[in-house]
Amino acid sequence: MNYSQACDTITDEDAAVYDALCDADGNEAARLWRVKIERCVRYMIAQLPEDAAEPYLWTTLAGRPRLRPGDSRGPVS
């Protein structure tokens with residue numbers, strides 16, 4: 001898999017988790033981590049051949065990430 005187009009997004013997400021940890025906001029750090037991982041898994045599933053995985057598998061298993069208003073993060077295209 002090639003993540004080169006997502007380097008800035010990955011760095012921004014990691015920095016947001018780090019900042020929440022530095023602010024001693026464990027709940028926010030955990031929420032940001034879940035959003036990051038859910039987006040990553042959706043991206044990886046989207047890279048599989050169409051017949052290799054149920055397209056809504058991750059949403060079915062984990063639900064949708066809870067983005068906050070103004071949060072521009074979404075699937076990497």
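No experiment lies behind these values; they were computed from the predicted model shown. (Residues numbered from 1 in each chain as written. Predicted model: local features only at pLDDT ≥ 70, side-chain atom pairs only at ≥ 80, totals over all residues. Heavy atoms only, no water.)

Asks: Help me understand the pattern of salt bridges in this model?
Replies: What the rule picks out here adds up to 4 salt bridges. Here E13 makes a salt bridge to K36, at a shortest N to O gap of 3.9 Å. With E13 in helix α1 (residues 7-22) and K36 in helix α2 (residues 26-47), this residue pair connects regions lying 23 residues apart in the sequence. Under the relative-accessibility criterion, K36 is labelled buried at 6%. The salt bridge involving E28 is made with R31; its shortest N-O contact spans 2.9 Å. Remark: R31 and E28 occur in helix α2; sequence separation between them is 3 residues, near one turn of the helix. Side by side, E28 and R31 carry an identical accessibility label, which is buried. Several salt bridges share partner residues, and in doing so they unite E13, D14, K36 and R39 into one network. (Salt bridge = Lys/Arg side-chain N within 4 Å of Asp/Glu carboxyl O. Helix = DSSP H or I, 4+ residues; strand = E, 2+ residues; numbered from the N terminus. Buried < 20%, exposed > 50% of the residue type's maximum accessible area, 1.4 Å probe, protein only.)

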